Amino acid sequence: MLDPFALRDLVGPRAEVRRRALTGEHGVALPPFVDHHVHLHLIDEQRLAPGGIAGVLDLGGDPVALARRASSGIPHVSYAGAFLTAPGGYPSGRSWAPTATVREVSDPSSHPGVSGGAATAVDEQATFGAAVVKVALNADAGPVFDPATLASIVGIARERGLPVVAHVQGEGMLRLALDAGVAALAHTPFTEHTDAALIARAAASQVWISTLDIHGDTDAARLATANLAAFVRAGGRVLYGTDLGNGDLPVGVNVRELAALDAAGVRGTALIDALADPWPADVAPSGISTFVPGLAPESLDQVPAWLGRATVVPTEELIHDD
Ligand SMILES: [Zn+2]
(Lines give C-alpha, C1' and ligand atoms only; values in the text may rest on other atoms or scores of the structure.)
Protein backbone atom coordinates (compact mmCIF):
# COMPACT_ATOMS: atom_id res chain seq x y z
CA MET A 1 0.00 0.00 0.00
CA LEU A 2 1.15 3.55 -0.67
CA ASP A 3 0.64 6.13 2.04
CA PRO A 4 0.01 9.43 0.24
CA PHE A 5 1.02 11.50 3.28
CA ALA A 6 4.38 9.82 3.71
CA LEU A 7 4.89 10.04 -0.06
CA ARG A 8 4.26 13.79 -0.14
CA ASP A 9 6.69 14.30 2.73
CA LEU A 10 9.36 12.82 0.49
CA VAL A 11 8.55 14.13 -2.98
CA GLY A 12 6.12 16.99 -2.51
CA PRO A 13 2.47 17.92 -2.81
CA ARG A 14 2.16 17.11 -6.50
CA ALA A 15 2.69 13.37 -5.98
CA GLU A 16 -0.52 11.31 -6.28
CA VAL A 17 -1.14 7.63 -5.70
CA ARG A 18 -2.64 6.29 -8.93
CA ARG A 19 -3.36 3.16 -10.92
CA ARG A 20 -2.68 2.91 -14.63
CA ALA A 21 -5.93 1.95 -16.35
CA LEU A 22 -4.21 0.24 -19.26
CA THR A 23 -1.97 -2.10 -17.28
CA GLY A 24 -3.48 -2.10 -13.77
CA GLU A 25 -0.10 -1.15 -12.34
CA HIS A 26 -0.12 0.75 -9.05
CA GLY A 27 2.26 3.60 -8.59
CA VAL A 28 2.82 7.31 -8.23
CA ALA A 29 1.84 10.13 -10.59
CA LEU A 30 4.02 13.22 -10.81
CA PRO A 31 4.10 16.26 -13.12
CA PRO A 32 5.79 15.80 -16.53
CA PHE A 33 9.60 15.71 -16.43
CA VAL A 34 11.85 17.85 -18.63
CA ASP A 35 15.47 17.37 -19.64
CA HIS A 36 16.57 21.00 -19.93
CA HIS A 37 19.72 20.25 -21.94
CA VAL A 38 19.69 17.86 -24.90
CA HIS A 39 20.94 17.75 -28.49
CA LEU A 40 18.28 15.91 -30.49
CA HIS A 41 20.47 15.50 -33.60
CA LEU A 42 22.79 13.27 -31.57
CA ILE A 43 20.30 10.91 -29.85
CA ASP A 44 17.46 8.45 -30.43
CA GLU A 45 14.58 10.57 -29.19
CA GLN A 46 12.07 7.70 -29.45
CA ARG A 47 13.48 6.37 -26.19
CA LEU A 48 12.86 9.57 -24.20
CA ALA A 49 9.16 9.15 -23.34
CA PRO A 50 9.36 5.47 -22.33
CA GLY A 51 12.29 6.57 -20.17
CA GLY A 52 10.25 9.19 -18.34
CA ILE A 53 11.11 12.41 -20.21
CA ALA A 54 8.05 14.32 -21.53
CA GLY A 55 9.71 17.55 -22.59
CA VAL A 56 13.17 18.61 -23.73
CA LEU A 57 15.06 21.82 -24.32
CA ASP A 58 17.48 21.44 -27.22
CA LEU A 59 20.49 23.66 -26.52
CA GLY A 60 22.27 23.64 -29.85
CA GLY A 61 21.12 22.31 -33.19
CA ASP A 62 20.14 23.26 -36.73
CA PRO A 63 17.36 25.87 -36.41
CA VAL A 64 15.88 24.90 -39.79
CA ALA A 65 15.61 21.21 -38.88
CA LEU A 66 14.21 22.05 -35.46
CA ALA A 67 11.59 24.39 -36.93
CA ARG A 68 10.45 21.68 -39.37
CA ARG A 69 9.55 19.33 -36.53
CA ALA A 70 5.88 18.72 -35.76
CA SER A 71 4.97 20.91 -32.82
CA SER A 72 2.76 18.26 -31.26
CA GLY A 73 3.87 14.92 -29.91
CA ILE A 74 5.94 13.67 -27.00
CA PRO A 75 8.52 14.64 -26.06
CA HIS A 76 7.52 18.26 -26.39
CA VAL A 77 10.51 20.10 -27.84
CA SER A 78 11.64 23.66 -27.14
CA TYR A 79 14.95 24.80 -28.57
CA ALA A 80 17.66 27.39 -28.88
CA GLY A 81 18.51 26.81 -32.51
CA ALA A 82 22.15 27.44 -33.36
CA PHE A 83 25.01 28.14 -30.93
CA LEU A 84 26.07 31.79 -31.06
CA THR A 85 29.81 32.18 -30.63
CA ALA A 86 32.74 34.51 -31.33
CA PRO A 87 34.53 34.02 -34.68
CA GLY A 88 36.57 30.82 -34.34
CA GLY A 89 35.02 30.15 -30.93
CA TYR A 90 33.72 26.92 -29.45
CA PRO A 91 32.03 24.80 -30.79
CA SER A 92 32.78 25.82 -34.39
CA GLY A 93 34.79 23.15 -36.16
CA ARG A 94 33.72 20.35 -33.79
CA SER A 95 32.56 17.17 -35.53
CA TRP A 96 29.37 17.05 -33.44
CA ALA A 97 28.56 20.69 -34.27
CA PRO A 98 28.03 20.92 -38.04
CA THR A 99 28.07 24.33 -39.69
CA ALA A 100 24.27 24.53 -39.59
CA THR A 101 24.37 24.50 -35.80
CA VAL A 102 26.80 27.41 -35.23
CA ARG A 103 26.60 31.17 -35.94
CA GLU A 104 29.69 33.32 -35.51
CA VAL A 105 28.80 36.81 -34.26
CA SER A 106 31.50 39.37 -35.01
CA ASP A 107 29.59 42.63 -34.59
CA PRO A 108 27.42 43.85 -31.67
CA SER A 109 25.12 45.60 -34.15
CA SER A 110 21.45 45.67 -33.21
CA HIS A 111 20.50 46.51 -36.81
CA PRO A 112 18.89 43.73 -38.81
CA GLY A 113 20.67 42.28 -41.82
CA VAL A 114 24.25 43.12 -40.76
CA SER A 115 26.52 40.23 -41.70
CA GLY A 116 27.84 38.69 -38.48
CA GLY A 117 25.68 41.09 -36.48
CA ALA A 118 24.18 40.26 -33.10
CA ALA A 119 20.63 41.10 -34.18
CA THR A 120 21.02 39.06 -37.37
CA ALA A 121 21.92 35.95 -35.41
CA VAL A 122 19.29 36.42 -32.69
CA ASP A 123 16.56 37.26 -35.19
CA GLU A 124 17.32 34.14 -37.23
CA GLN A 125 16.82 31.91 -34.19
CA ALA A 126 13.66 33.82 -33.19
CA THR A 127 12.25 33.45 -36.71
CA PHE A 128 12.76 29.70 -36.55
CA GLY A 129 10.83 29.50 -33.29
CA ALA A 130 13.57 29.47 -30.67
CA ALA A 131 12.48 29.62 -27.02
CA VAL A 132 15.93 30.66 -25.78
CA VAL A 133 19.21 31.88 -27.27
CA LYS A 134 22.35 29.82 -26.63
CA VAL A 135 25.76 31.44 -26.39
CA ALA A 136 29.10 29.68 -26.00
CA LEU A 137 31.60 31.32 -23.62
CA ASN A 138 34.41 28.77 -23.63
CA ALA A 139 37.71 30.50 -22.96
CA ASP A 140 39.44 27.11 -22.69
CA ALA A 141 38.76 26.33 -26.36
CA GLY A 142 39.09 29.54 -28.36
CA PRO A 143 37.97 33.17 -28.45
CA VAL A 144 34.86 34.35 -26.60
CA PHE A 145 32.60 37.39 -26.96
CA ASP A 146 33.80 40.72 -25.63
CA PRO A 147 31.45 42.19 -22.98
CA ALA A 148 29.83 44.65 -25.41
CA THR A 149 28.90 42.00 -27.98
CA LEU A 150 27.56 39.66 -25.30
CA ALA A 151 25.53 42.46 -23.69
CA SER A 152 24.13 43.35 -27.10
CA ILE A 153 23.05 39.74 -27.76
CA VAL A 154 21.39 39.54 -24.33
CA GLY A 155 19.61 42.86 -24.85
CA ILE A 156 18.35 41.99 -28.33
CA ALA A 157 17.19 38.56 -27.14
CA ARG A 158 15.39 40.15 -24.21
CA GLU A 159 13.52 42.45 -26.61
CA ARG A 160 12.36 39.31 -28.46
CA GLY A 161 11.29 37.74 -25.15
CA LEU A 162 14.07 35.15 -25.28
CA PRO A 163 16.28 34.36 -22.27
CA VAL A 164 19.96 33.69 -23.01
CA VAL A 165 21.56 30.41 -21.91
CA ALA A 166 25.36 30.33 -21.72
CA HIS A 167 27.89 27.53 -21.82
CA VAL A 168 30.53 28.90 -19.44
CA GLN A 169 33.94 27.26 -19.34
CA GLY A 170 37.27 28.78 -18.34
CA GLU A 171 38.38 31.39 -15.87
CA GLY A 172 36.18 34.48 -15.58
CA MET A 173 33.36 33.19 -17.76
CA LEU A 174 30.74 33.08 -14.99
CA ARG A 175 31.46 36.73 -14.20
CA LEU A 176 31.28 37.66 -17.90
CA ALA A 177 27.87 35.96 -18.13
CA LEU A 178 26.57 37.61 -14.96
CA ASP A 179 27.76 41.07 -16.00
CA ALA A 180 25.91 40.73 -19.32
CA GLY A 181 22.65 39.58 -17.70
CA VAL A 182 22.71 36.00 -18.97
CA ALA A 183 19.62 34.29 -17.50
CA ALA A 184 20.72 30.66 -17.45
CA LEU A 185 23.77 28.44 -17.47
CA ALA A 186 23.68 25.34 -19.67
CA HIS A 187 26.05 23.57 -17.25
CA THR A 188 26.88 23.99 -13.60
CA PRO A 189 30.31 25.72 -13.75
CA PHE A 190 32.89 22.92 -13.78
CA THR A 191 36.20 24.68 -14.41
CA GLU A 192 35.97 27.72 -12.15
CA HIS A 193 36.22 28.07 -8.39
CA THR A 194 33.47 30.49 -7.41
CA ASP A 195 33.26 32.74 -4.39
CA ALA A 196 30.29 33.64 -2.21
CA ALA A 197 29.71 36.96 -3.95
CA LEU A 198 29.55 35.40 -7.43
CA ILE A 199 27.31 32.60 -6.18
CA ALA A 200 24.97 35.11 -4.55
CA ARG A 201 24.72 37.08 -7.80
CA ALA A 202 24.06 33.89 -9.75
CA ALA A 203 21.42 32.64 -7.31
CA ALA A 204 19.62 35.98 -7.52
CA SER A 205 19.61 36.28 -11.31
CA GLN A 206 20.14 32.91 -13.00
CA VAL A 207 18.83 29.38 -13.29
CA TRP A 208 21.46 26.65 -13.57
CA ILE A 209 21.01 23.48 -15.61
CA SER A 210 22.74 20.70 -13.71
CA THR A 211 24.61 18.38 -16.20
CA LEU A 212 26.75 16.84 -13.43
CA ASP A 213 26.90 13.29 -14.83
CA ILE A 214 28.75 14.24 -18.05
CA HIS A 215 31.89 14.64 -15.93
CA GLY A 216 31.92 11.08 -14.59
CA ASP A 217 34.26 10.62 -11.64
CA THR A 218 36.65 13.53 -12.21
CA ASP A 219 37.90 16.73 -10.60
CA ALA A 220 35.47 18.59 -12.85
CA ALA A 221 32.62 16.59 -11.31
CA ARG A 222 33.74 17.46 -7.79
CA LEU A 223 34.13 21.15 -8.64
CA ALA A 224 30.70 21.26 -10.33
CA THR A 225 29.07 19.51 -7.38
CA ALA A 226 30.63 22.00 -4.95
CA ASN A 227 29.50 24.92 -7.11
CA LEU A 228 25.96 23.54 -7.38
CA ALA A 229 25.75 22.90 -3.64
CA ALA A 230 26.81 26.51 -2.95
CA PHE A 231 24.28 27.78 -5.51
CA VAL A 232 21.52 25.72 -3.84
CA ARG A 233 22.46 26.93 -0.36
CA ALA A 234 22.23 30.50 -1.68
CA GLY A 235 18.67 29.83 -2.86
CA GLY A 236 19.46 29.26 -6.54
CA ARG A 237 16.95 27.59 -8.85
CA VAL A 238 18.25 24.35 -10.40
CA LEU A 239 16.90 22.66 -13.53
CA TYR A 240 17.47 19.00 -14.29
CA GLY A 241 19.47 18.65 -17.49
CA THR A 242 21.91 16.08 -18.81
CA ASP A 243 23.51 17.39 -22.04
CA LEU A 244 22.07 14.31 -23.68
CA GLY A 245 23.97 13.65 -26.91
CA ASN A 246 27.29 14.46 -25.22
CA GLY A 247 28.98 11.10 -24.73
CA ASP A 248 27.38 7.90 -23.53
CA LEU A 249 24.40 8.85 -21.39
CA PRO A 250 21.18 6.90 -20.78
CA VAL A 251 18.25 8.20 -22.86
CA GLY A 252 15.44 9.01 -20.43
CA VAL A 253 15.62 9.85 -16.75
CA ASN A 254 19.32 9.56 -15.77
CA VAL A 255 19.60 8.11 -12.28
CA ARG A 256 23.28 9.09 -12.05
CA GLU A 257 22.34 12.73 -12.72
CA LEU A 258 19.63 12.49 -10.04
CA ALA A 259 22.04 10.94 -7.53
CA ALA A 260 24.57 13.70 -8.25
CA LEU A 261 21.89 16.36 -7.76
CA ASP A 262 20.85 14.67 -4.53
CA ALA A 263 24.45 14.75 -3.33
CA ALA A 264 24.58 18.49 -4.11
CA GLY A 265 21.55 19.08 -1.87
CA VAL A 266 18.76 18.92 -4.46
CA ARG A 267 16.75 16.23 -2.67
CA GLY A 268 13.22 14.89 -2.52
CA THR A 269 10.69 17.59 -3.37
CA ALA A 270 13.47 19.83 -4.70
CA LEU A 271 14.54 17.04 -7.05
CA ILE A 272 10.99 16.73 -8.41
CA ASP A 273 10.88 20.52 -8.82
CA ALA A 274 14.14 20.45 -10.83
CA LEU A 275 12.72 17.71 -13.09
CA ALA A 276 9.31 19.31 -13.52
CA ASP A 277 10.42 22.93 -13.90
CA PRO A 278 8.61 24.43 -16.92
CA TRP A 279 11.45 26.91 -17.67
CA PRO A 280 11.86 28.57 -20.16
CA ALA A 281 8.08 28.58 -20.74
CA ASP A 282 5.70 25.75 -21.47
CA VAL A 283 8.54 23.31 -22.11
CA ALA A 284 6.46 20.67 -20.30
CA PRO A 285 3.45 19.39 -22.27
CA SER A 286 -0.08 19.52 -20.86
CA GLY A 287 -2.29 16.45 -20.39
CA ILE A 288 0.78 14.34 -19.71
CA SER A 289 2.04 12.89 -16.44
CA THR A 290 5.01 11.03 -15.13
CA PHE A 291 4.13 7.60 -13.74
CA VAL A 292 6.43 5.61 -11.49
CA PRO A 293 5.10 2.07 -11.12
CA GLY A 294 5.60 -0.08 -8.06
CA LEU A 295 6.35 0.65 -4.44
CA ALA A 296 6.99 4.23 -3.41
CA PRO A 297 10.29 5.24 -1.78
CA GLU A 298 10.49 5.06 1.99
CA SER A 299 13.39 7.47 2.45
CA LEU A 300 14.99 10.41 0.66
CA ASP A 301 17.97 8.23 -0.21
CA GLN A 302 15.74 5.95 -2.30
CA VAL A 303 14.22 8.72 -4.43
CA PRO A 304 16.82 8.95 -7.24
CA ALA A 305 16.82 5.20 -8.01
CA TRP A 306 13.03 5.04 -7.70
CA LEU A 307 12.67 7.78 -10.34
CA GLY A 308 14.66 5.57 -12.73
CA ARG A 309 11.41 3.62 -13.27
CA ALA A 310 9.55 6.72 -14.47
CA THR A 311 7.64 6.65 -17.73
CA VAL A 312 5.40 9.11 -19.57
CA VAL A 313 1.63 8.50 -19.74
CA PRO A 314 -1.44 10.53 -20.70
CA THR A 315 -2.89 11.92 -17.46
CA GLU A 316 -6.34 10.56 -18.35
CA GLU A 317 -4.93 7.03 -18.21
CA LEU A 318 -4.23 7.40 -14.47
CA ILE A 319 -7.10 6.62 -12.14
CA HIS A 320 -7.59 6.99 -8.39
CA ASP A 321 -6.19 4.03 -6.57
CA ASP A 322 -8.39 3.68 -3.52
ZN1 LIG B 1 25.15 20.66 -24.76
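Okay, so let's go over this structure.

About the thresholds
- Residues numbered from 1 in each chain as written.
- Predicted model: local features only at pLDDT ≥ 70, side-chain atom pairs only at ≥ 80, totals over all residues.
- Heavy atoms only, no water.
- Donors = N, O, S within 2.8 Å, 3.2 Å for Na, K, Ca; no water.
- Helix = DSSP H or I, 4+ residues; strand = E, 2+ residues; numbered from the N terminus.
- Buried < 20%, exposed > 50% of the residue type's maximum accessible area, 1.4 Å probe, protein only.
- Polar contact = N/O pair within 3.5 Å; in protein donor to acceptor, adjacent residues only side chain to side chain.
- Contact = heavy atoms within 4.5 Å.
- Core = buried A, V, L, I, M, F, W, Y, C linked by side-chain atoms within 4.5 Å.
- Salt bridge = Lys/Arg side-chain N within 4 Å of Asp/Glu carboxyl O.
- Phe/Tyr/Trp six-rings, centres within 6.5 Å; stacked < 30°, edge-to-face > 60°.
- Pairing = 2+ DSSP bridges.
- Axes fitted to C-alpha atoms, helices over the stretch in contact; angles between N-to-C directions.

## Comments concerning the coordination of the zinc ion
The zinc ion binds to the protein through His37 (NE2), His39 (NE2) and Asp243 (OD), with metal-donor distances spanning 2.0 to 2.2 Å. Look at where the donors of the zinc ion fall in the sequence and you get H-x1-H-x203-D. A residue pair is termed long-range when its members are at least 10 positions apart, and His39 in the loop between strand 3 (34-38) and strand 4 (55-58) and Asp243 in the loop between strand 12 (237-239) and helix 8 (255-263) qualify at 204 residues. Residues His39 and Asp243 agree in their burial class; the two are buried.

## Observations concerning the side chain of Thr149
The topology assignment puts Thr149 in helix 4 (residues 147-159). One polar contact links Thr149 to Asp146, side chain to side chain, over a distance of 2.9 Å. With near-sequence residues (within four places) excluded, Thr149 lies in contact with Val105 and Pro108.

## As for the nonpolar core
Core analysis: the largest hydrophobic core is formed by 78 residues, its most contacted members being Leu30, Val135, Leu137 and Leu307. The element best represented in this core is helix 5 (residues 173-180), accounting for 6 residues. Not counting residues up to four positions away in its chain, the partners in contact with Leu137 are Val144, Phe145, Leu150, Ala166, His167, Val168, Gln169, Met173, Leu176 and Ala177. Of all hydrophobic cores here, the second largest spans 13 residues; its members include Val34, Ala186, Ile209 and Trp279.

## Looking at the pattern of salt bridges
Going through the model one piece at a time under the given rule, you end up with 16 salt bridges. Glu25 is paired through a salt bridge with Arg20; the nearest N and O atoms lie 4.0 Å apart. Here Glu25 falls in the partly exposed class, since its relative accessible area comes to 32%. Note on Arg20: relative accessible area 16%, which makes it buried. Residue Glu45 pairs with Arg69 through a salt bridge whose shortest N-O separation is 2.9 Å. One end of the pair, Glu45, is in the loop between strand 3 and strand 4; the other, Arg69, is in the loop between helix 2 (63-68) and strand 5 (76-79), with 24 residues separating them in the sequence. With relative accessibility at 27%, the residue Arg69 sits in the partly exposed group.

## A short note on the packing of aromatic side chains
A complete count under the given rule lists 3 aromatic pairs for this structure. Between Trp208 and Phe231, the aromatic rings sit 3.9 Å apart at their centres with planes inclined by 0°, giving stacked as the arrangement. Note that Trp208 is positioned in strand 11 (residues 207-209) and Phe231 in helix 7 (residues 219-233), a separation of 23 residues in sequence. The rings of Phe83, Tyr90 and Trp96 are connected pair by pair, giving a single aromatic cluster.

## Focus: the sheet that holds strand 15 (residues 318-320)
One open sheet accounts for 5 strands, arranged 14-13-2-1-15; its pairing is antiparallel. This sheet does not close on itself; its edge strands, each paired only once, are strand 14 (311-314) and strand 15. Strand after strand, the sheet turns through a mean of 50° between neighbouring axes, direction not considered. In this structure, strand 1 (residues 16-20) lies alongside strand 15, joined through 3 bridges in antiparallel fashion.

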